[in-house]
Protein chains: 2
Amino acid sequence: MALAIGIDLGGTGIYGALVDRMGRVLAGEERRTPVSDGPEAVIRAMAEMAETLRDRAPGPVLGIGMGVPGLLDHESGTVITSPNLFWRDIPLLGPIRGRVGLPVAMENDVRVGALGELHFGAGRPYANFLFTALGTGVGSGIVLNRQIYTGPYGTAGEFGHIPIRSGGVRCNCGSRGCLETQVSGPAVRRRALSALLRSRLAGESRLRELPPSEISARTVAEAARAGDLLARQIMTQVGTDLGLGILAYYNLMGPEAVIVGGGVALAGDLILEPARRICRERLMPGLRERVRILPAELGDEAGAVGAATLVPGFVLE
Amino acid sequence: MALAIGIDLGGTGIYGALVDRMGRVLAGEERRTPVSDGPEAVIRAMAEMAETLRDRAPGPVLGIGMGVPGLLDHESGTVITSPNLFWRDIPLLGPIRGRVGLPVAMENDVRVGALGELHFGAGRPYANFLFTALGTGVGSGIVLNRQIYTGPYGTAGEFGHIPIRSGGVRCNCGSRGCLETQVSGPAVRRRALSALLRSRLAGESRLRELPPSEISARTVAEAARAGDLLARQIMTQVGTDLGLGILAYYNLMGPEAVIVGGGVALAGDLILEPARRICRERLMPGLRERVRILPAELGDEAGAVGAATLVPGFVLE
């Protein structure tokens, strides 16, 4: 029974899993990311986690795959930049391989999420899809012919920064009107705070009972699911804007599916149905019949499970 | 000296060329498309053109490649729909092969233009680029790893229908705010007619001297090149909107280049420079340095030369 270790490195936590070829997690390990202690401490924590998981493995471990939040240089095994970790030019593959003595591989965290969905989640039936994660930012992994497409410079998949407004809100990237400014977690919060001040539905919304600091994509989604009209209106707007981005992808790449994950996607059909609607309305005949917008199937373990699939020889196709 | 025949089938004309492996046209044939006589007459005209070219060939002809304006079924060799030709479910490959007795292949006209640029034009140095043709419509061919990417359903490349306005002008496709509504030939004409009524630059514009029926992308481009301020302003707006579409493509696919052809692109840097500017302004660091927006190099022969590259064994890589 061949196994692999997947490690999901985040800005706040590290989650490691021992994964079998069915995508099942046989053992999991979690700890806080010691960001403030520097890269050396984070790398040591990851290596120790991998060793612990290997020692608990009931069969041979083929290697370690890692999902990393940042821009990576695969040739040198280096993290070029990671704003979440405050890293710049940090060698990662070499040090982990040196300490644990297993083959290692890495990919950025959203692409690793896409790989998880491809091999073990909603993407299993499809060879060509977009996976997007709506969280603090909006990232994506482009799957073409059952492979992650990274592009000639490794930059492909910045779905969150395609323009959906000609003007619009300023984005962290420096541009304006990016999809991310409309559908990320912070965008849902901003929309809700604004709606609470301005919407005629605000008076009857349960969101009014929350302190402003607790207005988030999660609490708005919960209110929407409970039938709150203001929250539902916000989610419809978010879903419609998400649909404009997906519309661009359908026109350009004509995929089999678009799979939506991340915290904002916990709203489920409350955002996916408006996205489907605008795609069906606005795509040409021949394309609109093919709209398939699905929720991600893997939850919090997606990153680690997806990372495990990076290990050479682990996935059997 | 192996040769191939490329045929560019358009709604008004058919252009055929005998092409060598350097992309040179050794002989050309042109005639009006007998659209009103029905598909049989058009197919006969194409077959006769191919036979004439083969008879003039100084070496072996490997086959016939055809660029067709429409949606194609490659398995059955059928044109599913072609609005320009008023065709629906017309077998094309079988009849041409049967009459001429050479291997045949076909692809849609814009993809064939992309292949021409890939093998013999501005795309030669690049493995991953978008070719877009700004004409009556706005089509594109997506080149990944030196191959046309058609997507799982053959629909990829509808660059003209990505949304760049959340509302905006209604498009022929049924949607609103599509790139095509802002940068196609008819869009340039519409912008010019509107500007002549409203702009404070209209009084001094030489476009006023033209009858409205002669306002077109071509005459506006000519005026712009001659220094006409109103025409330049229009081309800057067109280029900026084109840049928003290209921005979406850079974010999603991170290509090496975007190559712009078609009648509207005759304005050259008057539209390409505003497109480059908005991409450099709005892309993230790491992407913006890579912006490369180039004019197409092949002119009216692009379709036929590109079509010739469809012939199996003709292109040597």
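For the structure itself, look to the data block above.
Presented here is an overview of the structure given in this document. What you are looking at is a predicted structure, and each value in this text was computed from that prediction instead of being measured.

### Focus: helix 7 (residues 229-253) of chain B
Note that an α-helix has 3.6 residues per turn; residues three or four places apart therefore point the same way.
Moving on, step 1. Helix length check: helix 7 of chain B, at 25 residues, gives a terminal C-alpha distance of 35 Å against a target of 36 Å (1.5 Å per residue), a fit within 8%.
Moving on, step 2. Burial runs high along helix 7 of chain B: 19 of the 25 residues are buried.

### Quick word on the packing of helix 7 (residues 229-253) of chain A against helix 8 (residues 269-282) of chain A
All names here are of chain A.
Moving on, step 1. Direction vectors running N to C along helix 7 and helix 8 enclose 45 degrees, while the axes themselves pass 7 Å from each other. By the angle between their directions, the pair helix 7 and helix 8 is classed as oblique. The interaxial crossing formed by helix 7 with helix 8 has right-handed handedness. Across the interface between the two elements, Arg 232, Met 235, Thr 236, Val 238, Gly 239, Thr 240, Leu 242, Gly 243, Leu 244, Ile 246 and Leu 247 from helix 7 touch Leu 270, Ile 271, Leu 272, Pro 274, Ala 275, Ile 278, Cys 279 and Arg 282 from helix 8.

### Some thoughts on the side chain of Glu180(A)
All names here are of chain A.
Moving on, step 1. Looking at where Glu 180 falls in the secondary structure, it is placed in helix 4 (residues 180-183).
Moving on, step 2. Despite its burial, Glu 180 pairs with no opposite charge; the closest candidate is Arg 190, at 9.5 Å N-O.
Moving on, step 3. Beyond its immediate chain neighbours, meaning those up to four positions away, Glu 180 contacts Gly 137, Val 138, Gly 160, His 161, Cys 171, Asn 172 and Ala 187.

### What about the sheet that holds strand 10 (residues 138-144) of chain A?
All names here are of chain A.
Moving on, step 1. Judged by pairing direction, the sheet is mixed, and its five strands sit side by side in the order 11-10-9-12-13 without closing on themselves. Taken across any chain shown, the strands that pair with only one partner, and hence form the sheet edges, are strand 11 (147-148) and strand 13 (293-295).
Moving on, step 2. As defined by bridge partners, strand 12 (residues 257-261) adjoins strand 13 across three bridges and the pair is classed as parallel. From the neighbouring strand, Ile 259 faces strand 13, where its bridge partner is Leu 294.
Moving on, step 3. Contacts from helix 3 (residues 109-120) reach strand 9 (129-134), strand 10, strand 11 and strand 12, with the element oriented near 50 degrees to strand 10.

### Thoughts on the relation of the copies chain A and chain B
Moving on, step 1. Once turned by 180 degrees and shifted 0.0 Å along the axis, chain A lies on chain B with an RMSD of 0.0 Å. On the angle and the small slide along the axis, the relation comes out as a two-fold axis.
Moving on, step 2. In this assembly, 100% of the residues forming the interface of chain A have copies in chain B that are likewise at the interface, indicating an isologous arrangement.

### Digging into the interface of chain A and chain B
Moving on, step 1. On the chain B side, the residues contacting the 38 residues of chain A number 38 residues.
Moving on, step 2. Summed over both sides, the interface between chain A and chain B buries roughly 3600 Å², with carbon and sulfur atoms accounting for 63% of that surface.
Moving on, step 3. Three residues stand out in chain A for area buried against chain B, namely Tyr153(A), Leu252(A) and Arg282(A), and they jointly supply 21% of the buried area on that side.
Moving on, step 4. Our count for the chain A to chain B interface comes out at zero salt bridges.
Moving on, step 5. One can count 10 residue pairs in polar contact (both at pLDDT 80 or more) joining chain A with chain B.
Moving on, step 6. Of all the elements in the fold, those that place two or more residues in the side of chain A that touches chain B are strand 10 and helix 7 of chain A.
Moving on, step 7. Broken down by element, the residue count for the side of chain A that touches chain B peaks at seven residues, all from helix 7 of chain A.

### Notes on the pairing of strand 8 (residues 104-108) of chain A
Taken residue by residue, a regular strand's side chains alternate between the two faces of the sheet.
Moving on, step 1. Of all five residues in strand 8 of chain A, five are buried; the element is thus mostly enclosed.
Moving on, step 2. What you see with strand 8 of chain A is no split at all: Val104(A), Met106(A) and Asn108(A) on one side and Ala105(A) and Glu107(A) on the other are buried throughout.

### Here's the deal with the side chain of Ser184(A)
Residue and element names in this part refer to chain A.
Moving on, step 1. Mapped onto the fold, Ser 184 is located in the loop between helix 4 and helix 5 (185-198).
Moving on, step 2. Here Ser 184 falls in the buried class, since its relative accessible area comes to 4%.
Moving on, step 3. Leaving out residues up to four positions away in the same chain, Ser 184 has contacts with Gly 135, Thr 136, Val 138 and Val 264.

### Regarding the environment of Asn172(A)
Moving on, step 1. On the secondary structure map, Asn172(A) appears in the loop between strand 11 and helix 4.
Moving on, step 2. Placed 35 residues apart in sequence, Asn172(A) and Gly137(A) show a C-alpha to C-alpha distance of 9.3 Å.

### Let's talk about the sheet that holds strand 8 of chain A
Working definition: the strands of a sheet are paired by backbone hydrogen bonds and lie parallel or antiparallel to each other.
All names here are of chain A.
Moving on, step 1. On the basis of which strands lie adjacent, the open sheet formed by five strands has the order 3-2-1-4-8 and mixed pairing. Looking at the sheet topology across the chains shown, the edges are occupied by strand 3 (25-32) and strand 8. Across the sheet, the mean angle from the axis of one strand to that of its neighbour is 15 degrees, orientation sign disregarded.
Moving on, step 2. Pairing of strand 4 (residues 61-68) with strand 8, which is carried by five bridges, proceeds in the parallel orientation.

### Quick notes on the environment of Leu102(B)
Residue and element names in this part refer to chain B.
Moving on, step 1. By the element assignment, Leu 102 lies in the loop between helix 2 (93-100) and strand 8 (104-108).
Moving on, step 2. Expressed as a C-alpha distance, the spacing of Leu 102 and Leu 310, which sit 208 residues apart in the sequence, is 13 Å.
Moving on, step 3. Discounting chain neighbours no more than four positions away, the residues touching Leu 102 are Arg 54, Val 61, Gly 63, Ile 64 and Arg 97.

Scoring rules and cut-offs
Going along each chain's sequence as written, the residues are numbered from 1 onward. Here chains are named by letter from A upward and ligands by number from 1 upward, in the order in which they appear as written. This being a predicted model, a pLDDT of at least 70 is required before a residue's local features are given, and a value of 80 or more before pairs of side-chain atoms are given or counted; all residues contribute to the totals for chains, interfaces and linings. Note that the side-chain values use all heavy atoms of the structure and ignore hydrogens as well as water. Under the scheme used here, helices are H or I runs from DSSP no shorter than 4 residues and strands are E runs no shorter than 2 residues, and both carry numbers assigned from the N terminus. Expected span, for any helix, means 1.5 Å times one less than how many residues it has. Using a 1.4 Å probe on the protein chains alone, a residue whose accessible area is under 20% of its type maximum counts as buried, one over 50% counts as exposed, and one in between counts as partly exposed. Interaxial angle, 0 to 180 degrees, is taken between N-to-C directions of lines fitted to C-alpha atoms, where a helix line uses only the stretch in contact. In what follows, roughly perpendicular refers to angles from 65 to 115 degrees, roughly parallel to angles under 35, roughly antiparallel to angles over 145, and oblique to any angle outside these ranges. Helix crossings fall into two classes, left-handed where the near helix is turned counterclockwise from the far one by less than a right angle and right-handed where it is turned clockwise. Two residues qualify as a contact provided that any one of their heavy atoms is within 4.5 Å of a heavy atom in the partner residue. His residues and chain termini do not enter the charge count, which takes Lys and Arg as positive and Asp and Glu as negative. Each salt bridge in this description consists of a side-chain nitrogen of Lys or Arg and a carboxyl oxygen of Asp or Glu lying within 4 Å of one another. In this scheme, strands are said to pair when DSSP sees at least two bridges between them. What sets the superposition is a least-squares fit of C-alpha atoms, and only residues with pLDDT of at least 70 in both copies go into it. The term buried area refers to how much accessible surface (probe radius 1.4 Å) is lost by two components on association, counted for both of them together. Under the rule applied, a polar contact is a pair of N or O atoms within 3.5 Å (in protein, one hydrogen donor and one hydrogen acceptor; residues adjacent in sequence only if both atoms are side-chain atoms).

From the geometry alone we can't say anything about function, so treat these as descriptive.
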